[in-house]
Amino acid sequence: MDSILVTGGGELHGQIPIAGAKNACLTLMPATLLTEEPLTLTNAPRLSDIKTMNALLESLGTEVTTLQGGKVLTMSSHNLDNLTADYDIVRKMRASILVLGPMLAREGRAVVSLPGGCAIGARPVDLHLNAMEALGAEIELRDGYIHAYAPKGLQGNIIEFPFVSVGATENVLLAATLANGTTIIKNAAREPEIVDLAHCLQAMGAKIEGEGTSKITVEGVDRLHGATHPVVTDRIELGTYMLAPIFTGGEVECLGGRIELLEAFCEKLDEAGISVEQTVNGLKVKRGNSGIKAINVTTEPFPGFPTDLQAQMMAMLCTATGTSVLEEKIFENRFMHAPELSRMGAKIEVNGGTAVVTGVERLKGAPVMATDLRASVSLILAGLAAQGETLVNRVYHLDRGYERVEEKLGSCGAKIERISGK
Ligand code: UD1
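Reference entry: report on the structure contained in this document. (Residues numbered from 1 in each chain as written. Predicted model: local features only at pLDDT ≥ 70, side-chain atom pairs only at ≥ 80, totals over all residues. Heavy atoms only, no water.)

What to know about the sheet that holds strand β3 (residues 39-42)
1) Next: Taking strand neighbours across the sheet as the criterion, the four strands line up as β4-β5-β3-β14 in an open arrangement whose pairing is mixed. Two strands lie at the open edges of the sheet, namely β4 (63-67) and β14 (227-230), each paired on one side alone. Neighbour to neighbour, the strand axes of the sheet diverge by 15 degrees on average, direction disregarded.
2) Next: The sheet contact formed by β3 and β14 spans four bridges and is parallel. Paired with Thr40 across the bridge in β14 is Thr228.
3) Next: Against the sheet, helix α7 (residues 192-203) engages β3 and β14, with an angle of about 160 degrees to β14. (Pairing = 2+ DSSP bridges. Helix = DSSP H or I, 4+ residues; strand = E, 2+ residues; numbered from the N terminus. Axes fitted to C-alpha atoms, helices over the stretch in contact; angles between N-to-C directions. Contact = heavy atoms within 4.5 Å.)

Brief notes about the nonpolar core
1) Next: Membership of the largest hydrophobic core comes to 144 residues, with the highest contact counts inside it found for Val99, Leu173, Leu201, Met242, Met316 and Leu409.
2) Next: For this core, the leading source of residues is helix α8 (residues 235-248), giving eight residues. (Core = buried A, V, L, I, M, F, W, Y, C linked by side-chain atoms within 4.5 Å. Buried < 20%, exposed > 50% of the residue type's maximum accessible area, 1.4 Å probe, protein only.)

Considerations on the packing of helix α5 (residues 126-134) against helix α6 (residues 166-176)
1) Next: Running from amino to carboxyl end, α5 crosses α6 at an angle of 25 degrees, the nearest separation of the two axes being 8 Å. As the angle between them shows, α5 and α6 are arranged roughly parallel. Crossing handedness for the pair α5 and α6: right-handed. For the pair formed by α5 and α6, the contact residues are Leu127, His128, Ala131 and Met132 on the first element and Gly167, Ala168, Asn171, Val172 and Ala175 on the second.
2) Next: When its residues are assigned to classes, the contact of α5 with α6 shows six nonpolar, three polar and no charged. (Parallel < 35°, antiparallel > 145°, perpendicular 65-115°, else oblique. Left-handed = near helix turned anticlockwise from the far one by under 90°. Nonpolar A, V, L, I, M, F, W, Y, C, P; charged D, E, K, R; others polar.)

Brief notes about the site of the ligand
1) Next: Taken together, 19 residues are adjacent to the ligand, and Asp126, Leu127, Ser165, Asp308 and Ile330 come closest.
2) Next: The side chain of Asp308 places a nitrogen or oxygen atom 2.6 Å from an oxygen atom of the ligand.
3) Next: A distance of 2.6 Å separates an oxygen atom of the ligand from a polar atom in the backbone of Ile330.
4) Next: Mapped onto the shell around the ligand, the elements with two or more residues apiece are α5 and α6.
5) Next: If one sorts the elements of the shell around the ligand by residue count, α5 sits on top with three residues. (Near = heavy atom within 4 Å. Polar contact = N/O pair within 3.5 Å; in protein donor to acceptor, adjacent residues only side chain to side chain.)

Brief notes about empty space enclosed by the protein
1) Next: Here the structure, examined in full by the defined rule, presents one cavity of 30 Å³ or more.
2) Next: By volume, the largest cavity amounts to about 40 Å³.
3) Next: Along the walls of the largest cavity sit Arg235, Leu261, Leu262, Glu263, Ala264, Phe265, Phe302, Pro303, Gly304 and Pro306, which together make up its complete lining.
4) Next: Among the residues making up the lining of the largest cavity, the classes are represented as seven nonpolar, one polar and two charged. (1 Å grid on protein atoms, 1.4 Å probe; cavity = no way out; pocket = protein on both sides within 12 Å on 5 of 7 lines; lining within 4 Å. Points joined across faces, edges and corners; volume = space filled by probe spheres on them.)

Re the environment of Ile159
1) Next: Relative to the assigned elements, Ile159 resides in strand β10 (residues 158-160).
2) Next: Along the sequence, Ile159 and Ser214 sit 55 residues apart, while their C-alpha atoms lie 12 Å from each other.
3) Next: Those residues in contact with Ile159, other than ones at most four positions away along the chain, are Ala131, Ala134, Leu135, Val172, Thr183, Ile184, Ile185 and Lys186.

Points about α6
1) Next: The buried count for α6 comes to nine of 11 residues, which makes it a mostly enclosed element.
2) Next: The set of residues buried in α6 consists of Ala168, Thr169, Glu170, Asn171, Val172, Leu173, Leu174, Ala175 and Ala176.
3) Next: Where α6 begins, one side-chain oxygen reaches toward the backbone nitrogen of Ala168, 3.0 Å away; that side chain belongs to Ser165.

Some points on the layout of surface pockets
Rolling a probe over the atoms, with the probe sized like a water molecule, indicates the empty space that remains.
1) Next: Its volume calculated, the second largest pocket comes out at about 380 Å³.
2) Next: Lining the second largest pocket are 21 residues, and of these Phe247, Thr248, Gly249, Arg287 and Ala385 sit closest to its centre.
3) Next: Of all elements in the fold, only α8, β17 (282-287) and α12 (373-385) reach the threshold of two or more residues within the lining of the second largest pocket.
4) Next: Grouping the amino acids of the lining of the second largest pocket by side-chain chemistry returns six nonpolar, 10 polar and five charged.

Honestly, it's all geometry; don't read function into it.
In structure tokens:
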């Protein structure tokens, strides 16, 4: 398994191009299952999670062609010859559940392995299943698989989620496009990735209104057609690289960045004394001579502070002046990076969903373990600012969500190298 070796010290200066959003691409790809015509996605990120979704779609009968080294994906699902999403693929990636809605809507039948446990909490799929039932599907759980049937097609309905779920909103949105009648999704997720999915489905002929608000209305149509759609910018990759110069000093411009993707995050940076400038090409972040001020952060569904930037923010606050409090409201077990940061000299106390971080002057390099995707990158950022060398082990998580991290940070002057695993 590969590791990443980071040597701390040295400012970062330069530009970092931000890729298309992993989380958007993973929900856009299953939209191919809704039509016999080809769906082309441009600006796709080159990540192992995308390859996993490719493999899943291919196992169902989709033909996938990649161009420009994976940046352009064309998917053609004219003939679905298998309606079972197998455990071997689903267990690798929870987003595999997103094939359920489209398969059910088009074929009236779908079998999808239950995703199983995940390092950042229990993450059940009950909201997805209840919503499919509300759309008229019969659901049975057998042998670790979800068996879903809707022989007469799905039926539009009012679906009110008890709390906001990104994935469940996406699954219903996908399914409702081909349902009979109108579906109203209440308490819908408002993330930019949901808006991107709605725009792609609209380009395929779906009738959707209210995307980006908590009430989305979908009027089912008989068929969808092919389309070409550019994947929205990855706001989590954007936020991650915006933090890099704050750790090291210097100035980095994140190409393709827009404030409206990350307003709550930018407000927190402002509170911490860091200014963000919108340029013609993206967002520029500079760390001045004054230090970072301690701040309090609570994760929330969009437009609140994203849980996927909590680990990186915690790493930044490890060297802030004063005491910061981070509250994790989305996932119950998402502070696994805290003990790893403590190995680097951070002072963090975790109590349930709350972490109290008392700033220290400087972190010290250490061997650490990447526990999940966002935790891995938080350790790399911490390593850039630490004294000495930090070896981040088990970086396969990183490759799931960050395209060419060594190249992107290295081009701005970071001392970072990948060490191939034995
Ligand atoms: C998506 C993102 C993930 C991000 C998360 C929250 C993708 C591929 N992943 O994950 O990066 O961290 O949104 O912004 O887009 N829940 C249930 N029952 C369900 C579904 C969810 O209890 O059926 C719970 C989850 O355990 C969690 C909360 O709801 O506590 C929110 O999860 P959700 O928004 O569904 O996250 P994902 O779509 O899995």
